[in-house]
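Okay, here's what each chain looks like letter by letter:
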Amino acid sequence: LMLISMLRKAQIKCNPVLVSTRSNGISLFPNRGAYNYVIAGVEVDNEMILLDATTKNARPNILPIRALNWMGRIIRENRTSAEVDLMPKLNSKENIAILAVMDENGKVSGKVRDQYFDYNSYLFRENNLSKSKDSYLESMEKRYPGLVVGEYVVTNEKELDKPIIETFDFTNNNVSERIGDKIYFNPMLHFTTTVNPFKQEKRDYPLDFAFPYQDKYSITINIPEGYEIESLPKPIAIGMEQNIANFSYNIGANGNQIQLVVTVEINYSAISPEYYTSLKMYYKEMIDKQNEKIVLKKI
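What comes next concerns the included structure. Just so it is clear, the structure is predicted and the values come from calculations on it, not from any experiment. Sequence order as written defines residue numbering, which begins from 1 separately in each chain. Where totals are concerned, whole chains, interfaces and linings use all residues; where local detail is concerned, this predicted model gives features only for residues with pLDDT of at least 70, and gives and counts side-chain atom pairs only at 80 or more. Side-chain figures throughout are based on the complete set of non-hydrogen atoms in the structure, without hydrogens or water.

Quick notes on the sheet that holds strand β4 (residues 71–75)
Piece 1. A pair of strands is treated as paired once DSSP finds two or more bridges between them. Put simply, DSSP marks the helices as runs of H or I at least four residues long and the strands as runs of E at least two long, and each gets a number from the N terminus on. Pairing in this open sheet of five strands is antiparallel, and the strands run β3-β2-β1-β4-β5 from one edge to the other. Only two strands of the sheet have a single partner each, and these edge strands are β3 (47–51) and β5 (81–85). Ignoring which end each strand starts from, the neighbouring axes of this sheet average 35° apart.
Piece 2. Alignment of strand β2 (residues 37–44) against β3, held across five bridges, turns out to be antiparallel. Residue V44 lies in a different strand from β3, and its bridge partner there is E47. Here an axis means a line fitted to C-alpha atoms, over the contact stretch when the element is a helix, while the angle between two N-to-C directions is reported on a 0 to 180 degree scale.

Rendered as structure tokens:
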């Protein structure tokens, strides 16, 4: 409310937007007990800009996750009100680039550059910047068994209009299997998804992703000297009806270098349960493809 008063003082058209937080449930219609939270709504050129002053990491139209709960209600100075859609519409991106080299024992070493945009950068700042560097790296290594992180740098921690960028060196001895004169490994390395999160036969409630997102992986791997590529997974593109989700997997080889580009998209914040079976199958096909191996053989 103080933010709303300050914006009004600056001659900016701003009004309170009543919100029911996720823990409070969904407000199906206006009543005295429906809302428990308030944000600011600025109306400019028929566009609504939503603001939250309770966290230093929020930005215009980047609200705390607790406030992303379907519809809010703006209360205008002229005593009218209207529904406000709180759910994000644009994909929050994460771009991961990896340059790696594999040795003859199947151990991989290289460098990662990870960029977080919009809600991804907001969540990174909220969840990780208060941790010590050692604690954060320890949790990362625990999340990816076999990963050992070397030199680590993070930039743009406090520049909210810029993406968070992580760069770090790594080694990983847990991404390949050597059998005889062959090496089998997954080109997505430790970023491979192995478990389908959707295990139920049916679902009665919407699937809540909080915000739509796009994860993109650009991976280049140099294979060890004395080896050649025996087989590669085939490229594939998978899409769901209504453009709900998309997955693309493009791979190729040039000499001793393998190049892989993978894109994963969920294009809606919430998905109706009528698409649950289709989404479950989409995840199965995506995970199956991610777990296909490259086979190297000794020359």
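Next, the rest of the story.
Quick word on the sheet that holds strand β13 (residues 213–222)
Piece 1. Spatial strand order, β8-β9-β7-β6-β13-β17-β16-β15: eight strands in an open sheet with mixed pairing. Two strands bound the open sheet, and with one partner strand each, they are β8 (147–155) and β15 (236–239). Here the average twist between neighbouring strands, direction ignored, is 10°.
Piece 2. Bridge count for β8 against strand β9 (residues 164–172) is seven bridges, and the pairing is antiparallel.

Let's talk about a nonpolar patch on the surface
Piece 1. Exposure above 30% relative accessible area and no salt bridge define the residues that can form patches, which grow by joining like charges within 9 Å and nonpolar side chains of Val, Leu, Ile, Met, Phe, Trp and Tyr within 5 Å. Per-residue and other accessible areas were derived by the Shrake-Rupley procedure at a 1.4 Å probe size, with only the shown protein chains allowed to occlude residues. What counts as a salt bridge is simple: a side-chain nitrogen of Lys or Arg found within 4 Å of a carboxyl oxygen of Asp or Glu. A cluster of nonpolar residues, I26, L28, F29 and W70, forms a patch on the protein surface that exposes about 470 Å² of accessible area.
Piece 2. Within the secondary structure, W70 sits in the loop between β3 and β4.
Piece 3. The cut-offs for exposure are 20% and 50% of the maximum accessible area for each residue type, with area from a 1.4 Å probe on protein chains only; residues under the lower value are buried, those over the upper are exposed, and the others partly exposed. The exposure class of W70 is partly exposed, given its relative accessible area of 38%.

Brief notes about the pattern of salt bridges
Oppositely charged side chains can form a pair if their charged atoms are brought close together.
Piece 1. For the structure shown, the criterion picks out 13 salt bridges.
Piece 2. A salt bridge links D208 to R22, with the nearest nitrogen and oxygen atoms 2.4 Å apart. Here D208, found in strand β12 (residues 207–208), pairs with R22, found in the loop between β1 (14–19) and β2; they are 186 residues apart in sequence, far enough to count as distant.

Thoughts on helix α2 (residues 119–128)
Piece 1. Burial runs high along α2: seven of the ten residues are buried.
Piece 2. Here α2 has its buried residues at Y119, N120, S121, Y122, F124, R125 and N128.
Piece 3. Should any heavy atoms of two residues lie within 4.5 Å, those residues are considered in contact. Where the residues of α2 are buried, they touch β6 (92–102), β7 (108–116), α3 (133–143), β8 and β9.

Details of the environment of N267
Piece 1. Structurally, N267 is set in the loop between β17 (257–266) and β18 (270–271).
Piece 2. Assessed through its relative accessible area of 15%, N267 is described here as buried.
Piece 3. In sequence terms N267 and Y213 are 54 residues apart; their C-alpha atoms lie 6.4 Å from each other.
Piece 4. Excluding anything up to four places from it in sequence, N267 contacts N91, P212, N243, I244, A245 and N246.
Piece 5. Identification of polar contacts relies on pairs of N or O atoms within 3.5 Å, with a donor-acceptor requirement for protein atoms, meaning one able to donate a hydrogen and the other able to accept it, and with residues adjacent in sequence counted only if both atoms are side-chain atoms. Separated by 3.0 Å, the side chains of N267 and N91 make a polar contact.

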